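Examination of the molecular architecture
Below are the chains, spelled out letter by letter.
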Amino acid sequence: MYRPLANNSLNALLMQEMMEVLQLVETDEEVKVVVLEGLPDHFCTGMDFNAASEGSAEAIVGNDPNGYYNLLKHFSGCSKVIIAKVEGKVNAGGIGLVAASDIVIADPGVTFGLSEALFGLLPACVLPFLIRRIGYQKAMWLTLTTQGVTAERAWQIGLADELTTNISDSVRKNLLRLTRLDTATILSLKQYMSALWIISEETQQLAVDKITSLVSSEKVQLNIQNFIKNEKFPWEKS
């Protein structure tokens, strides 16, 4: 992911390009692993507020309001192992990318946070995948506190699988083992694991409807615009 001027935030184009890459490699049985990497200081900071300030969910997700959720669902259901190679800051929708990944390898300096509730939003599409990874209560805790946690704490609650100062070497070592797996085995495992969880069409509709209605609301729009223009949180309004 490479949007340095936007702190690696997510917009419709980036999500579309990510999905296109995943769909392209899905038909290649020689590809066993996809490594998701951001920038050294920002892995992904979630929703692009500049797009959100245009007043509609369509400004963020383009013509597909399910785009972000479908991306996370593809992570958890495709025949490739998705490794999140995490450095820098991870916030909001970036947490969803991490939670939906199969293996998360993080630098000890990473911070993880869900800030949506500060603006009257909810991490609606993130939560089904986050709960699956770290559990109901810890997902509720991260959502309510809205504060970033250290990589060490993220590892303790299961958001990160491995912490290392030599993140590239760790990815390399994982690849040595993972590339020996058959893609059919990877897919079979993911399908079985998904059948044990609540990632369903009903869950997706609920999540997409919730975030679409919240992003489009007047209150949330004012909060976002105030943050963009004045760098102030809602409670700091003059």
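Our subject is the structure that appears above.
Described below are features of the structure shown in this document. (Residues numbered from 1 in each chain as written. Predicted model: local features only at pLDDT ≥ 70, side-chain atom pairs only at ≥ 80, totals over all residues. Heavy atoms only, no water.)

1. Digging into helix H7 (residues 136–145)
Helical geometry: 3.6 residues make up each α-helical turn, so side chains three or four residues apart lie on a common side. Inclusion rule: Partly exposed describes any residue whose relative accessible area lies between the buried limit of under 20% and the exposed limit of over 50%, with all areas from a 1.4 Å probe on protein chains only and scaled to the type maximum. Going along the chain from the N terminus, every DSSP run of H or I of four or more residues is numbered as a helix, and every run of E of two or more is numbered as a strand. What the arc describes is the spread of directions from the helix axis to the C-beta atoms. A contact between two residues is defined here by any heavy atoms of the two lying within 4.5 Å.
For H7, the set of buried residues is Ala139, Leu142 and Thr143. Looking straight down H7, one finds that the buried residues subtend no more than 100° of arc, so they occupy a single side. Within H7, the exposed residues directed more than 90 degrees away from the buried face are Gln137 and Leu144. Residues of H7 that are buried sit in contact with helix H6 (127–134), strand E7 (149–150) and helix H8 (151–157). Positive backbone phi, at 60°, marks Thr146, one or two positions downstream of H7.

2. Re a negative patch on the surface
Heads up, the rule is: Patches in this entry comprise residues that are over 30% relatively accessible and not in a salt bridge; like charges within 9 Å are linked, as are nonpolar side chains (Val, Leu, Ile, Met, Phe, Trp, Tyr) within 5 Å. Computed with a 1.4 Å probe, the accessible areas rest on the Shrake-Rupley method; for each residue, only the protein chains presented here act as cover. Between Lys or Arg on one side and Asp or Glu on the other, a salt bridge is scored when a side-chain nitrogen of the former is within 4 Å of a carboxyl oxygen of the latter. Note on charges: Lys and Arg go in the positive column, Asp and Glu in the negative column, and His and the chain ends are not counted at all. Every charge is mapped to an atom, namely NZ of Lys, CZ of Arg, CG of Asp or CD of Glu.
Together, Asp28, Glu29, Glu30 and Asp182 line one region of the surface with negative charge. Take Asp28: its relative accessible area is 32%, and that puts it in the partly exposed class.

3. What to know about the sheet that holds strand E4 (residues 89–91)
Heads up, the rule is: Strands are treated as partners if at least two bridges between them are detected by DSSP. Each axis is a line fitted through C-alpha atoms, taken for helices only over the stretch in contact, and angles between the N-to-C directions span 0 to 180 degrees.
Taken in spatial order, the four strands line up as E2-E4-E6-E7 in an open sheet, and their pairing is mixed. On the outer flanks of this sheet lie strand E2 (42–44) and E7, each paired with one strand and no other. Strands E2, E4 and strand E6 (111–113) of the sheet are contacted by helix H5 (residues 93–100), whose axis makes an angle of about 95° with E4.

4. What about the packing of aromatic side chains?
The condition that has to hold: Two rings from Phe, Tyr or Trp (for Trp, the six-membered ring) form a pair when their centres sit within 6.5 Å of each other. Planes less than 30 degrees apart are called stacked, planes more than 60 degrees apart edge-to-face, and all others tilted.
Under the definition given, this model contains seven aromatic pairs. Judged by centre distance (6.1 Å) and plane angle (90°), the ring pair of Phe49 and Phe227 falls under edge-to-face. Of this pair, Phe49 sits in helix H2 (residues 49–52) while Phe227 sits in helix H12 (residues 218–230), and the two are 178 residues apart along the sequence. Both rings, one in Phe119 and one in Phe227, keep their centres 5.3 Å apart while their planes meet at 80°; by these two values the pair is edge-to-face. Placement of the pair is Phe119 in the loop between E6 and H6 and Phe227 in helix H12, with a sequence separation of 108 residues. Taken together, the ring pairs in this structure connect Phe49, Phe119, Phe227, Phe233 and Trp235 into an aromatic cluster.

5. Description of helix H11 (residues 201–216)
How we decide: Expected span, for any helix, means 1.5 Å times one less than how many residues it has.
For H11, with 16 residues, the first-to-last C-alpha span of 23 Å sits near the 22 Å given by 1.5 Å per residue. By the burial criterion, the buried members of H11 are Thr203, Gln204, Ala207, Val208, Ile211, Leu214 and Val215. Down the axis of H11, the smallest arc covering the buried residues is 140°, so these residues share one side. Turned more than 90 degrees from where H11 packs its buried face, Glu201, Glu202 and Leu206 sit exposed.

6. Topic: the pattern of salt bridges
Within the structure shown, the criterion is met by six salt bridges. Two residues, Lys85 and Glu37, come together in a salt bridge whose shortest N-O distance is 3.5 Å. Residue Lys85 is found in strand E3 (residues 81–86), and its partner Glu37 is found in strand E1 (residues 33–37); the two are separated by 48 residues along the sequence. Under the relative-accessibility criterion, Lys85 is labelled buried at 10%. When its relative accessible area of 33% is taken as the criterion, Glu37 is described as partly exposed. Notably, a salt bridge pairs Asp161 with Arg133, separated by 3.3 Å at the nearest N-O pair. Here the residue Asp161 occupies a position in the loop between H8 and strand E8 (162–163), and Arg133 occupies one in helix H6, the gap between them amounting to 28 residues. Classification of Arg133 by relative accessible area gives buried; the value is 18%. Each of Asp169, Arg172 and Lys173 takes part in salt bridges that share partners, so that together they form one network.

7. Some words on unusual backbone geometry
Of note, the phi angle at Asn8 is positive, near 55°, even though the residue is not glycine. Locating Asn8 in the fold gives a position in the segment before helix H1 (12–26). Even without being glycine, Glu231 reaches a positive phi, approximately 55°. By the secondary structure assignment, Glu231 is in the segment after H12. Judged by relative accessible area, Glu231 falls into the exposed class, the value being 67%.

8. Structural notes on the environment of Arg3
Convention followed: Identification of polar contacts relies on pairs of N or O atoms within 3.5 Å, with a donor-acceptor requirement for protein atoms, meaning one able to donate a hydrogen and the other able to accept it, and with residues adjacent in sequence counted only if both atoms are side-chain atoms.
Tracing the backbone shows Arg3 in the segment before H1. The sequence separation of Arg3 and Cys44 amounts to 41 residues, and the corresponding C-alpha distance is 9.1 Å. Residues in contact with Arg3, not counting those within four places in the same chain, are Asn8, Ser9, Leu10, Asn11, Leu14, Leu39 and Asp48. Here the side chain of Arg3 touches Asp48 through a polar contact of 3.0 Å, side chain to side chain.

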